[in-house]
Amino acid sequence: MAAPGASRSASDNEAWWKSAVVYQIYVRSFADTDGDGIGDLPGIVEHLDYLQELGIDVIWLSPVYRSPQEDNGYDVSDYRDVDPLFGTLEDLDRLLAAVHLRGMRLIMDLVVNHTSSQHPWFLASRCSRESATSEWYFWRDARPGTVPGEPGSEPNNWGASFGGSAWEWVPERGQYYLHLFAPSQPDLNWDNPDTREAVFTMMDWWLDRGIDGFRMDVINFISKDPLLPDAPLNRDGYGDGMPYFSHGPQIHAYLAEMKRRVFDPRPGTYLTVGEMPGVTPEQARELTDQEHGHLNMVFQYEHVALDADGDKWTRRPMSVNDLRDTLARWQTALGDTGWNSLYWNNHDQPRVVSRYGNDTTYWRESATALATVLHLHRGTPYVYQGEEIGMTNAGFAGIDDFRDIESLDHYRTAVGTHREDPSVALDALRRQSRDNARTPMQWSAAPGAGFTTGSPWIGVNPNHSWLNVATQRGVRTSIYEFYRALIALRHRLPVVVDGSFAAIETGRDQIYAFRRHLGNAALTVYANLSDLPVSVDRDDRVDRDLVLANYPGSRRDPDRLEPWEVRVYLR
Ligand code: NOJ
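This section reports on the structure supplied with the text. In this text the structure is predicted, and so the values were computed from the model without any measurement. (Residues numbered from 1 in each chain as written. Predicted model: local features only at pLDDT ≥ 70, side-chain atom pairs only at ≥ 80, totals over all residues. Heavy atoms only, no water.)

With respect to the pattern of salt bridges
Part 1: For the structure shown, the criterion picks out 35 salt bridges.
Part 2: A salt bridge links Asp217 to Arg215, with the nearest nitrogen and oxygen atoms 2.8 Å apart. (Salt bridge = Lys/Arg side-chain N within 4 Å of Asp/Glu carboxyl O.)

Regarding the side chain of Asn461
Part 1: Take Asn461: it is sitting in the loop between helix H13 (422-432) and helix H14 (469-472).
Part 2: Side-chain polar atoms of Asn461 contact the backbone oxygen of Asn393, separated by 3.0 Å.
Part 3: Aside from chain neighbours lying at most four places away, what touches Asn461 is Thr392, Asn393, Ala394 and Gln442. (Helix = DSSP H or I, 4+ residues; strand = E, 2+ residues; numbered from the N terminus. Polar contact = N/O pair within 3.5 Å; in protein donor to acceptor, adjacent residues only side chain to side chain. Contact = heavy atoms within 4.5 Å.)

Concerning the sheet that holds strand E20 (residues 545-549)
Part 1: The 5 strands lie next to each other as E16-E17-E18-E22-E20, forming an open sheet whose pairing is antiparallel. Each edge of the open sheet carries a strand with a single partner, namely strand E16 (500-504) and E20. Strand-to-strand twist of the sheet, defined as the mean angle between neighbouring strand axes without regard to direction, takes the value 20°.
Part 2: With 8 bridges joining them, strand E17 (residues 511-518) and strand E18 (residues 521-528) adopt antiparallel strand pairing. Looking at E18, one finds that Arg515 is bridged to Thr524. (Pairing = 2+ DSSP bridges. Axes fitted to C-alpha atoms, helices over the stretch in contact; angles between N-to-C directions.)

Some remarks on the site of the ligand
Part 1: For the ligand, the set of nearby residues contains 13 residues, the closest of which are Asp71, His114, Asp217, His347 and Asp348.
Part 2: His114 has a polar side-chain atom sitting 2.9 Å from an oxygen atom of the ligand.
Part 3: Asp348 is positioned such that a nitrogen or oxygen atom in its side chain is 2.5 Å from an oxygen atom of the ligand.
Part 4: For the ligand, whose unbound accessible area comes to 290 Å², protein coverage reaches 97%.
Part 5: Broken down by class, the residue content of the shell around the ligand amounts to 4 nonpolar, 2 polar and 7 charged. (Near = heavy atom within 4 Å. Areas by Shrake-Rupley, 256 points an atom, 1.4 Å probe, with all protein chains shown as cover. Nonpolar A, V, L, I, M, F, W, Y, C, P; charged D, E, K, R; others polar.)

Next comes the structure, spelled out in structure tokens:
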């Protein structure tokens, strides 16, 4: 089928995704045009000029497929339709055409480690062992010597990401099925060739429609150790099966098959980015090896786990040393063999300015410093909606303000099962909940933040009265205009895209400094990632022209960096 915008040109054969800046749209929180309080596809069309002005090359849409929405669309019941909450397939075609008209591209979220329990594949599979999709999921008998269906008789001891056992009993089949996430998200069995073919055919269908690639949800979980063994217990008393379901024995085979079967036969180049919790730099280098790898890039998690002590709800202070070391280690490890994806934020992470920055005294300074460090690394940067205006954590008042399945489960387990003080559990949620990222995009100071004229599905952050697009657009000193300048720098200077990376040792704990080299060009970044001023020795032979800074010239001392000051020099 030749859908609008399906044509691809010869220039598409280049690795265009290397110089691209990607913008993630969490559709339900971006822009609502029909007043139901939930963002929709026509809402995105209305803001394409904004994204173009910002300098965005690629839009990543969080899942808009038909879904019971138990995990906000990461539970798909029909891969080939749009959920009526967000619009129609025709709306999506219109959006795609409008994106392409502006010379931008669009990638979709591919959620194929699991489906919704309402997907017809699963509905048939759960009914009978004779059905065509009987083997498309992980079905197992109860543990030998136990009473099937009773607690303790699960096939293994693994816990699920959103609480409880990773197994659910189905009396009709007399077996358990595996769900690494919620019970409504059964894991697909990729070891079955028919399952893989069905996924690949579905990917073909979307690529034929004209989309430009996929962000692949927890794609390093698709190959599991076939023995599904018990695992050492975690704090909740369940086994942590990660070593057995992450980066399993067939991961290379399945991703190589996907590339061979889906992407290689097509003219042009697509963006493929795999979300991979727990991936190591060595694995990432192999997976993204520009000659032999299977994906363009992966999302790693190390730099967004530096404030977590064991689990994400238990806090430990993040040290700048750790952050710097982690970032630099990934830059060096992937080198010029693999390719990094660069991100601070997405729909699963609290807002970075509240988390690693300072969202009060140094709100503007820390948001711009963190942005600079990220965007001037080697790799493809991702901007999550609202990050470009410095949106902060939500400051939720009570448990009723939260919507996220993971957050609500944590509260239930912490308070209900572990008898934790509710205020302690709430504090953890306020800090780490995914809902921090999901409050509506702040377009203006209007009552619904310009996001909706109705009642929003999740509360609007009260700070939208001053923190919004309208107050920043066109204002030279705003975070938004800083992002524009940063993105323009990438588009203008080849050294930002292709330059090598080397960390600079300054002898100061608060400073992260690094240099990028390409031919004679050298780009140097000095960033003070702290609330205190610090002295700095620069190299005047290399640090010639100041091309970007987040403090005005009048406050710039050559030998000292102010709190969260960042400077970028070019030779
Ligand atoms: C990762 C997604 O980003 C997250 O939002 C989702 O809950 C899980 N995968 C399960 O699909």
